[in-house]
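The chain contents come next:
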Amino acid sequence: MTYIRVRLGAGVLGLALVGGLAAAPTASAAAAAPATVEEQRLDQTAPQEILRRSGFDTVATGFARALERAGSFGQAERVVAGQGARLWQRAVDRAQGRGPAGGDLSRDDDRPLYWARLGMTREVRQWEPEFGLTDTQRASLLAELEENSRGENTIRYPHAKGVKRILLTGFDPFTLDRDVRISNPSGATALALDGTTIQTADGPARIETTVFPVRWQDFAQGTVERTLRRQLPRVDLFTTVSQGRVGRFDVERTNGAWRGGFPDNENVSRTETIPVTDPASQPQWTSTTLPYARIVAAATGRFPVYDHTSVTEIPAGGTDPVVRPDGPTAGSTARAGGGGDYLSNEIAYRATLLRDRLGLHDSLPGGHVHTPVLQFGTGNTDPATGTVTDPEFVQNRLDIIAQVRAIVTVAVSGAGR
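Definitions and cut-offs
Residues numbered from 1 in each chain as written. Predicted model: local features only at pLDDT ≥ 70, side-chain atom pairs only at ≥ 80, totals over all residues. Heavy atoms only, no water. Buried < 20%, exposed > 50% of the residue type's maximum accessible area, 1.4 Å probe, protein only. Helix = DSSP H or I, 4+ residues; strand = E, 2+ residues; numbered from the N terminus. Arc of directions from axis to C-beta. Contact = heavy atoms within 4.5 Å. Polar contact = N/O pair within 3.5 Å; in protein donor to acceptor, adjacent residues only side chain to side chain. Phe/Tyr/Trp six-rings, centres within 6.5 Å; stacked < 30°, edge-to-face > 60°. Pairing = 2+ DSSP bridges. Axes fitted to C-alpha atoms, helices over the stretch in contact; angles between N-to-C directions. Salt bridge = Lys/Arg side-chain N within 4 Å of Asp/Glu carboxyl O.

## A closer look at helix α2 (residues 45–52)
- Listed in full, the buried residues belonging to α2 are A46, P47, I50 and L51. For α2, the angular spread of buried residues about the axis comes to 135 degrees, placing them on one side.
- Its buried side turned inward, α2 meets α5 (111–126).

## A short note on the side chain of E146
- Tracing the chain through its elements places E146 in helix α6 (residues 135–149).
- A polar side-chain atom of E146 sits 2.6 Å from a polar atom in the side chain of R150.

## Quick notes on the packing of aromatic side chains
- Under the defined criterion, the tally for this structure stands at 9 aromatic pairs.
- Each ring, one from W216 and one from Y342, has its centre 5.5 Å from the other, and the planes form 80 degrees; the classification is edge-to-face. With W216 in helix α8 (residues 216–220) and Y342 in the loop between β15 (333–336) and α11 (343–357), the pair connects residues that are 126 residues apart, well separated along the chain.
- Exposure remark for W216: the relative accessible area of 0% places this residue in the buried category.
- Judged by its relative accessible area of 12%, Y342 is buried.

## What about the sheet that holds strand β14 (residues 322–324)?
- Read across the open sheet, the 3 strands follow the order β14-β13-β15; overall the sheet is antiparallel. Where the open sheet ends on each side, the last strands, each with one partner, are β14 and β15. The mean angle between the axes of side-by-side strands here comes to 45 degrees, regardless of whether they run parallel or antiparallel.
- As defined by bridge partners, strand β13 (residues 311–314) adjoins β14 across 3 bridges and the pair is classed as antiparallel. The residue of β14 that forms the bridge with V311 is R324.

## As for the pattern of salt bridges
- Under the defined criterion, the tally for this structure stands at 29 salt bridges.
- Between R350 and E225 there is a salt bridge, with its nearest N and O atoms 2.9 Å apart. In this pair, R350 sits in helix α11 while E225 sits in helix α9 (residues 223–228), placing the two residues 125 residues apart along the sequence. The two residues R350 and E225 agree in class, both being buried.
- Overlapping salt bridges bring together E38, R117, E146, R150, D172, R215 and D218 as one network.

Quick look at the structure:
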């Protein structure tokens, strides 16, 4: 399988896949796959309203028509890669005020990208082309769609001297069975900052971003490492970002090698040591190299920012978990990092472990920042009767985005190799 770069729209590069010969019809061609738990939520009222009020309600149908015109697996790969990249760029453009808003939903909203992507993956899952499609081929198309629609293949930095490079990651919305209206401010921040340049005390810095799924399996299959491995040696600072506690930002000091089992967006639970390559050399803990003292001391926005040091461990020789406010003790086994035991902690653990395995611990500032919980306005907290947006909800998200930008600006000042 050969990769080529194709130019999409206004100078945006996307990955296309050039397949070989068309896959011949075969008796082993697989039937359409059922919709996933995530995709099944699409049919609820709130997701449909979010798509309609952003103009993203036609994304899946347009994608389906393009797929139907594909006469071979190779053509289907090119459709999936190209349209996935266009979806990402469309979401970034909307968030940054370029092009039509498509409706009255505020531009800072991350949810149109999330729900439109699920509409596209459902189309791939249910597609039964005349040329036949094996389970392996369908899985390959789904992987290409995920990568291209999450910004993983469009991370590019200018070659100009004196411009620092920042990598920032966000997440999809989650806990959607509790409230399907939920937005994730980390994903919204990623869309707002992708490809932007900020001015720091040391000059300009370019930010590139990507948004990860909230699924245990994707992390076990190495999506974080595949995306970050090529980037970390080239950047001056990285930060993974996720939604954390109410009313506060946290710079997480320590990350633990443990999955605590909270259900993901597929309602799958995992309680185990975080699975990584070369587990024999896997540490129980990794640490931030972000300049946490400088970040906490700076005036970055309306929410307080904390240097969060607490972890939960099983002490060496012990059997029961113990909370340690000042971080882990020697020889202990992780049960929760500063960022907990969910995928927020796991992305921080994986990214910082990769940093260390690449020999960059002493030269690359990087770690995890938890944002405040994005809250709906007073009187709009009931998922059954509430609206999908309100002025306070929008202002909260805008304030969080602005404060992440300010935190990153402080963090990258003085960084460099």
